Amino acid sequence: MALYSKRRTLTLLAGAATLSLMAAACSSGSNSSSSDTSADNSRGPITYVQGKDNSDILAPTVAAWNKAHPNEKVTAKEQSDQADQQHDDLVQNFQAKSDAYDVVSVDVVWTAEFAAKGWLTPLKGDMALDTTGYLPATVKAATYNNTLFAAPVSSDGGILYYRKDLVPTPPTTIDDMWKDCAIAKKNNMDCYAGQFAKYEGLTVNATEWMNTFGGKVVDDSGKPVVDSPESLKGLTALVDGFKQGYIPKQALTYQEEQGRQSFEAGKLLFLRNWPYVYNLALTDASSKVKTKFAVAPLPGATAGNPGTSSLGGHSAAISAYSKHKATALDFLKFLTSEEQQKFNMEKGSLAPTRESLYSDASLVKTYPYLPTLLKSIQSAVPRPVTPFYPAVTTAIQDNSYAAISLATAPDQALKNMQAALTAAISGS
Ligand code: GLC
């Protein structure tokens, strides 16, 4: 019964959100159907490209826009659900100077690279976007060399999903979480997983473990400083999790979705993942944990200090090669409107970039973990900001993978990471 009412509430909320979304679509942008030819004033149909929409919010979003803009329709293209493949698809398109993609979803870690290459339209002058009220970190992540290049659509912070039926009080430290692994064992479950396959998600996770113990990948001037006693403590704690079997070996193949599936199947006690998992674990027909899970801050190295999340999230940018930039800018404003962000939260539990929504009474009632999420995002550490990010993330992924797969000792892995980062950041 409780479950039924919860789902009914969600459905009602989603319905209300769709209505307000349509209102937003109608009020945003111009109704002009003229086909001006000057680049920044040109209007017409556009294509919007983003990673796989696991939360089923893209179709209603685009439908609402299209209804209000019959002459400037958006065609949505979904890429795979894997960050690296999304990146490579965009790069290919930009390198070909193709106008096939007008608006693209940019992971926070790609802004510097894409902007430095001249692939994104700067959001200034006629193309300016008002970022008042946004979480500062999301604006910073969309900015390069003091110029805004993208509109922050959703933020992301790591949180700990846990089985509240089995662990009534969530662990606040990693040591306590490992102690709770006895509960997993008794119930024939895996204890903990994050994203440990060799891809961008591993950069996120390995960095979180090192940051949680006081380490840093780069210092404030961008110089690699990862070979430190603090980072070593963090990486060693993660490696120990694998050695002790607290983290199943299988997690070496997990991206976001595999961990989510294991958690929803009731096979995992603790999962580090992003906010999008919340709605799916609650509403997926196949989820076995609908009423059995809750969210807590990431566990820390010591009591009283939660773990440090890597800052995630996505912004929408206008390709430098778009032929319909005026329409594209209106679509960016629509995508980041308060109504749209509320819809994204209600329907897909995607973290808003507008700060006020974290204290929106109706949202907090339905999503009691919103304050936890806000804290995770506000204290999150950005991954290195550099045009050479692809080589930087490779350096982090390759060497942390060597450590967690137990091929290389953590101290050696960090020395190798430091050397690879130094080469990567110098652009060599
Ligand atoms: C999420 C984050 C993004 C990150 C990716 C890694 O999509 O929002 O910033 O790079 O996960 O898999």
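Refer to the structure printed above.
Rules used in this analysis
Residues numbered from 1 in each chain as written. Predicted model: local features only at pLDDT ≥ 70, side-chain atom pairs only at ≥ 80, totals over all residues. Heavy atoms only, no water. Pairing = 2+ DSSP bridges. Helix = DSSP H or I, 4+ residues; strand = E, 2+ residues; numbered from the N terminus. Axes fitted to C-alpha atoms, helices over the stretch in contact; angles between N-to-C directions. Contact = heavy atoms within 4.5 Å. Buried < 20%, exposed > 50% of the residue type's maximum accessible area, 1.4 Å probe, protein only. Disulfide = S-S within 2.5 Å. Salt bridge = Lys/Arg side-chain N within 4 Å of Asp/Glu carboxyl O.

Engineer: Would you mind going over the sheet that holds strand 3 (residues 103–107) in detail, with residue names and values included?
Structural biologist: What links the strands of a sheet is backbone hydrogen bonding, and the strands pair in either a parallel or an antiparallel sense. Strand order in the open sheet formed by five strands is 2-1-3-11-6, with mixed pairing between adjacent strands. Of all strands in the sheet, those bounded by a partner on one side alone are strand 2 (74–78) and strand 6 (151–156). Taking each pair of neighbouring strands and ignoring which way they run, the sheet shows an average axis angle of 20°. Sheet topology note: the strand 3/strand 11 (residues 312–318) ladder contains five bridges and is antiparallel. By the bridge assignment for strand 11, Asp 107 is matched with His 314. Those strands touched by helix 3 (residues 83–95) are strand 1 (46–50), strand 2 and strand 3, and its axis lies near 135° from that of strand 3.

Engineer: Which residues make up the pairing of strand 6, and what values do they have?
Structural biologist: By the criterion of burial, strand 6 is predominantly enclosed, with six of the six residues buried. By the bridge criterion, five bridges tie strand 6 to strand 11 in an arrangement that is antiparallel. Paired with Asp 156 across the bridge in strand 11 is Gly 312.

Engineer: Tell me about the state of the cysteines, and please be specific about residues and values.
Structural biologist: This model, assessed by the stated rule, comprises one disulfide. Across the disulfide from Cys 181 sits Cys 191; the S-S distance is 2.1 Å. The S-S bond linking Cys 181 to Cys 191 shows a torsion near -80°; that makes this disulfide left-handed. Linking Cys 181 in helix 6 (residues 174–186) with Cys 191 in strand 8 (residues 190–193), this pair joins segments that are 10 residues apart in sequence. Cys 191 gets classed as buried once you look at its relative accessible area, which sits at 4%.

Engineer: Quick rundown of the pattern of salt bridges? Include the residues and the values.
Structural biologist: When the charged atoms of two side chains with opposite charge come close together, those side chains can pair. Counted according to the given criterion, the structure contains 15 salt bridges. As a salt-bridge pair, Lys 198 and Asp 398 come within 3.9 Å of each other at their nearest N and O atoms. You can see Lys 198 sitting in the loop between strand 8 and helix 7 (200–212) and its partner Asp 398 sitting in helix 15 (residues 389–404), a full 200 residues away along the chain. Take Lys 198: its relative accessible area is 45%, and that puts it in the partly exposed class. Residue class for Asp 398 comes out partly exposed when judged on its relative accessible area of 35%. By sharing partners, the salt bridges in this structure join Glu 257, Arg 260, Glu 264 and Asp 284 into a single network.

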